[in-house]
Amino acid sequence: MAPGWGADVTFSIHGLAVARGIAIGRAVLVASSRVDVAHYFIRPEQVEGEIDRVRRGRDAVVEEIQRLQQTILQLGPKDTPNELRALLDVHLMLLQDEEMVGGVKHWIVDRHYNAEWALTTQLEVVARQFDEMEDAYLRERKADMEQITEKVLRAMQGQATSPVLPAAAARRVGADGLQQEGTETPLVLIAHEISPSDMLQFKQGLFAGFVTDVGGKTSHTAIVARSMDIPAVVGARTASQLVRQDDWVIIDGDAGVVIVDPSPIILAEYQYKQRELELERSRLERLLGTPAVTLDGEKVELLANIEMPEDAPAAMKAGAVGVGLFRSEFLFMGRQGHLPDEEEQYQAYRRAVEGMAGSPVTIRTVDIGADKPMDSSVVEGKHLNPALGLRAIRWSLADPSMFLTQLRAILRAAAHGPVKMLIPMLAHLGEIRQTRALLEQARAELQREGQTFGPVALGAMIEIPAAALMLKTFLRHFDYLSLGTNDLIQYTLAIDRADESVAHLYDPLHPAVLRLVADTIAECRAQGKEVSICGEMAGDVAMTRLLLGLGLRSFSMHPAQILAVKQEVLRADTSKLAPWAQGVLAADEPAPLLAS
Ligand code: PEP
Ligand code: MG
């Protein structure tokens, strides 16, 4: 094993367990910045260009300061305060700071970080040194350093290289920063927060695990981490301040613990656990070809949740019999406001449909907003309660022509295989009527234009208690329902799903939540309509028996969970589970019943 294990003091950080497994690797810190910064690895041949971009950004800021100094000179000392002149001198000095300049170069040359990432990483390193200074005046220079770094970042905006994500190149960069052809040092990502669009960039397999300071169990960052099937801990509060670049780190995604600079004994224990998990995984793989049928012969549908069309083949390989939730909003994120047009969307949906080779694909219309901002660089209005604001269907209906574009693209993709359309966050009859009218308009337009399109079943997500309380109305307008329990829990219990400080109150087993879930399943079954769950609850093996007992026969989850849930299904007898589930439903405190 690498030298230096346990050289520093081992310590652990506790957060929320969100994605299973154990990762062991070197820490890559992504510093948060007030300027939205892309993080990606560059190719070796891009190194010079990236250094040049930083140089040009810095030169632009130097020139700006020098121009200001000229103006001040012309105005004369009477009209300009001494402090301003001194400050500009300090800023110029900081811009030339050896440590800053050398450090940025190091991250670009040795680690292949893109220029912006290198700059913010080095800022973090230097800022920590400022924090440790005894002299109060010098300590305060940290704010100046942050200010000029932001200026340089802004000066660099508009000249960014495109993210290339050469996973292989990233892997070739060793723990000591040297090119290490052939050796694979796993990297783990530590950040204050990772936007869902950044997560997608990281989805290329660069990292063996994630840790973030903020976030709840069903925050979208956690969801994407789970979909990547790599260990992750969120809500680790100060992790990004405590862990340093390059520290060796163990992420225990089952326990929600991060161990920094582990001693050899701790390391050996976790390596053993890692091997055990691998074994369990390969044991489960034997269930791949087994149909999901309970002991008493009830067929259960196990579907996949996906974020990008490219996830479809992996979903098939994991044993999914269809896609129960394609979160189409990921196509809209991180595009600096340039939304995908109809053709681009159509091609994306078509790829997903073709990737599923005849199995149904449920495409959810855009669910942007709350903790899934479309573009974190676009300053969106600051609202006090974004989860209660203009998100999902509200956002779509606020821009009917944009919505129409998506509806048309989905209808066209439906010509290539079975497609179901799913509408998020509905609460009002008016929203249902508008949605249906726009869908009709989309069909009529395509017909008139002679475009080929296919049939789609129309479904609604039940994610707001209001919707769960007016099921009869919903069922009059929709072919099927899908329970979005992540949001249903959030809105029923008034707990922000992304806020780690109230994560302990986010309870899928709260009797009120179970009541809404049970009623939705029962009403759909009574009316002969399909119902599924596509929230995280569906992939939680601890919930499988209860949901089967409540009558659920369709579960949509991250592909990585499918076999574990199938194992539960194969062991279940719904004739026994049904009366037991009614008991759980009636209890004031269902959790202990579930454990027994
Ligand atoms: C849900 O709310 O349960 C859901 C599946 O939608 P999302 O997690 O994307 O909000
Ligand atoms: Mg939702």
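Each remark here, short or long, concerns the structure printed above.
Residues numbered from 1 in each chain as written. Chains lettered and ligands numbered in written order. Predicted model: local features only at pLDDT ≥ 70, side-chain atom pairs only at ≥ 80, totals over all residues. Heavy atoms only, no water.

## Focus: the overall build of the protein
Under the convention used in this document: In this description a helix means any DSSP run of H or I spanning at least four residues, a strand means any run of E spanning at least two, and both kinds are numbered starting from the N terminus. Residue exposure (1.4 Å probe, protein chains only): buried if accessible area is under 20% of the type maximum, exposed if over 50%, otherwise partly exposed. By definition in these notes, contact holds between two residues if any of their heavy atoms fall within 4.5 Å.
Of regular secondary structure, the protein possesses 23 helices and 16 strands. Out of the 596 residues in the protein, the part that is buried amounts to 54%. Restricting the contact set of the protein to residue pairs at least 6 apart, pairs at least 24 apart contribute 72%.

## Topic: the coordination of the magnesium ion (ligand 2)
To keep things clear, this is the line we draw: Note on donors: an N, O or S atom is included if it sits within 2.8 Å of the metal, or within 3.2 Å for Na, K and Ca, and water is never included, so sites can look incomplete.
Glu 463 (OE) and Asp 487 (OD) make up the full set of protein donors to the magnesium ion (ligand 2), lying at 2.0 to 2.1 Å. Pair noted here: Glu 463 is in the loop between β13 (456–462) and α16 (465–468) and Asp 487 is in helix α18 (residues 485–493), with a separation of 24 residues, a long-range link. We note that Glu 463, like Asp 487, is buried.

## Structural notes on unusual backbone geometry
Of note in this structure, Arg 237 is not a glycine but carries a positive phi near 50 degrees. Assignment of secondary structure puts Arg 237 in the loop between β6 (232–234) and α9 (239–242). In this model, Ala 357 sits at a positive phi of 45 degrees, which is unusual for a non-glycine residue. Given the relative accessible area of 60%, Ala 357 is considered exposed.

## Some points on the site of ligand 1
The line we're drawing: Nearness here has a simple test: a residue counts as near a molecule or strand if at least one of its heavy atoms is within 4 Å of that partner. Nitrogen and oxygen atoms within 3.5 Å of one another constitute a polar contact, given that in protein one can donate a hydrogen and the other can accept it, and given that sequence-neighbouring residues count only through two side-chain atoms. Residue-level accessible areas treat just the shown protein chains as cover; the underlying method is Shrake-Rupley with a 1.4 Å probe.
Residues in contact with ligand 1 amount to 17 residues; listed here are only the nearest, Arg 327, Arg 364, Gly 484, Asn 486 and Arg 497. Separating an oxygen atom of ligand 1 from a side-chain N or O atom of Arg 364 is a distance of 2.8 Å. One of the backbone N or O atoms of Gly 484 is found 3.4 Å from an oxygen atom in ligand 1. Coverage of ligand 1 by the protein chains reaches 100% of its 290 Å² of free accessible surface. Elements with a minimum of two residues in the shell around ligand 1: α8 (220–227), β10 (323–327) and α18. No other element matches α18, which puts 3 residues into the shell around ligand 1.

## Observations concerning the sheet that holds strand β8 (residues 257–260)
Convention followed: For two strands to be treated as a pair, DSSP must find at least two bridges joining them. All axes are obtained by fitting lines to C-alpha atoms, using only the stretch in contact for helices, and the reported angles, taken between N-to-C directions, cover 0 to 180 degrees.
Pairing is mixed across the open sheet formed by 8 strands, whose spatial order is β1-β8-β7-β3-β4-β5-β6-β2. Where the open sheet ends on each side, the last strands, each with one partner, are β1 (11–14) and β2 (16–19). Strand-to-strand twist of the sheet, defined as the mean angle between neighbouring strand axes without regard to direction, takes the value 30 degrees. Bridge count for β1 against β8 is 4 bridges, and the pairing is antiparallel.

## Focus on the packing of aromatic side chains
Remark: the centre distance and the inter-plane angle together describe each pair of aromatic rings, the angle taken between the planes. Here is the rule we go by: For Phe, Tyr and Trp, where Trp contributes only its six-membered ring, two rings pair if their centres lie within 6.5 Å, and the inter-plane angle classes them as stacked under 30 degrees, edge-to-face over 60, or tilted in between.
Under the criterion given, the structure shown has 7 aromatic pairs. On the numbers, 5.2 Å between centres and 65 degrees between planes, the contact of Phe 41 with Trp 117 is edge-to-face. Taken together, the residues Phe 41 in the loop between β3 (22–30) and α1 (47–75) and Trp 117 in helix α4 (residues 115–131) connect sequence positions 76 residues apart. We note that Phe 41, like Trp 117, is buried. Ring centres 6.0 Å apart and planes at 25 degrees place the aromatic pair Phe 474 and Phe 478 in the stacked group. Here Phe 474 matches Phe 478 in class, with each residue buried. Ring-pair connections join several aromatic residues into one group, and the members of that group are Phe 41, Trp 107, Tyr 113, Trp 117 and Phe 207.

## A closer look at the packing of helix α20 (residues 541–549) against helix α21 (residues 562–571)
Counted only if it meets this: By the definition adopted for this analysis, an angle is roughly parallel if under 35 degrees, roughly antiparallel if over 145, roughly perpendicular if from 65 to 115, and oblique otherwise. In a left-handed crossing the near helix is turned counterclockwise from the far helix by less than a right angle, and in a right-handed crossing that turn is clockwise. By the convention adopted, Pro, Cys, Tyr, Trp, Phe, Met, Ile, Leu, Val and Ala count as nonpolar, Lys, Arg, Asp and Glu as charged, and the other residues, Gly among them, as polar.
Where α20 meets α21, the axes come as close as 9 Å, and the angle between the chain directions of the two elements is 40 degrees. Judged by the angle between their axes, α20 and α21 are oblique. Crossing hand, α20 versus α21: right-handed. Residue-level inspection shows Val 541, Thr 544, Arg 545 and Leu 548 of α20 in contact with α21, the latter providing Ala 564, Val 565, Glu 568 and Val 569. In terms of residue class, the contact of α20 with α21 is built from 5 nonpolar, 1 polar and 2 charged.

## A word on the environment of Ala 27
Mapped onto the elements of the fold, Ala 27 is located in strand β3. Among the residues examined, Ala 27 registers a relative accessible area of 1% and is labelled buried. Considered as a pair, Ala 27 and Gln 245 are 218 residues apart in the sequence and their alpha carbons are 5.5 Å apart. Excluding anything up to four places from it in sequence, Ala 27 contacts Val 188, Ile 190, Val 243, Arg 244, Gln 245, Asp 246, Asp 247 and Val 249.

## Some details on the packing of helix α14 (residues 400–413) against helix α15 (residues 429–449)
When two helices pack together, their arrangement is captured by the angle between the axes and the distance separating the axes. Remark: α14 packs on α15, axes separated minimally by 9 Å, with the N-to-C direction vectors making an angle of 60 degrees. Judged by the angle between their axes, α14 and α15 are oblique. In this structure, α14 crosses over α15, and the sense of that crossing is right-handed. Counted together, Pro 400, Phe 403, Leu 404, Leu 407, Arg 408, Leu 411 and Arg 412 of α14 and Thr 435, Leu 438, Leu 439, Gln 441, Ala 442, Arg 443, Glu 445, Leu 446 and Glu 449 of α15 form the full contact between these two elements. Split into classes, the residues belonging to the contact of α14 with α15 amount to 9 nonpolar, 2 polar and 5 charged.

## A few points about the pairing of β10
For clarity, the threshold we go by: Place the viewer so that the strands point away; then a crossover is right-handed whenever the path from the first strand over the helix to the second strand goes clockwise.
For β10, the tally of buried residues reaches 5 of 5 residues, placing the bulk of the element in the interior. Here 3 bridges tie strand β9 (residues 301–306) to β10, and the two strands are oriented parallel to one another. Across the sheet, residue Ile 306 finds its bridge partner in β10, namely Phe 326. With helix α11 (residues 312–317) bridging β9 and the parallel β10, this β-α-β connection has right-handed handedness. Following the chain from β10 across helix α12 (residues 342–355) to the adjacent parallel strand β11 (residues 361–364), one finds a crossover that is right-handed.

## Digging into the environment of Thr 121
With respect to the helices, strands and loops of the structure, Thr 121 is situated in helix α4. We classify Thr 121 as buried; its relative accessible area is 1%. Sequence-wise, Thr 121 and Gln 245 are 124 residues apart; in three dimensions their C-alpha atoms are separated by 8.6 Å. When residues no more than four places from it in sequence are discounted, the contact partners of Thr 121 are Leu 29, Trp 107, Tyr 113 and Gln 245. Separated by 2.7 Å, the side chain of Thr 121 and the backbone oxygen of Trp 117 make a polar contact.

## Quick look at α21
In terms of burial, α21 is largely enclosed, as 7 of its 10 residues are buried. Within α21, burial applies to Ile 562, Leu 563, Ala 564, Val 565, Lys 566, Glu 568 and Val 569. Where α21 is buried, its residues touch α10 (264–284), β9, α20 and β16 (554–557).

## What about the side chain of Arg 53?
Mapped onto the secondary structure, Arg 53 falls in helix α1. On the basis of relative accessible area, Arg 53 is assigned to the buried category, the value being 3%. Side chain to side chain, Arg 53 and Glu 50 meet in a polar contact 3.0 Å long.

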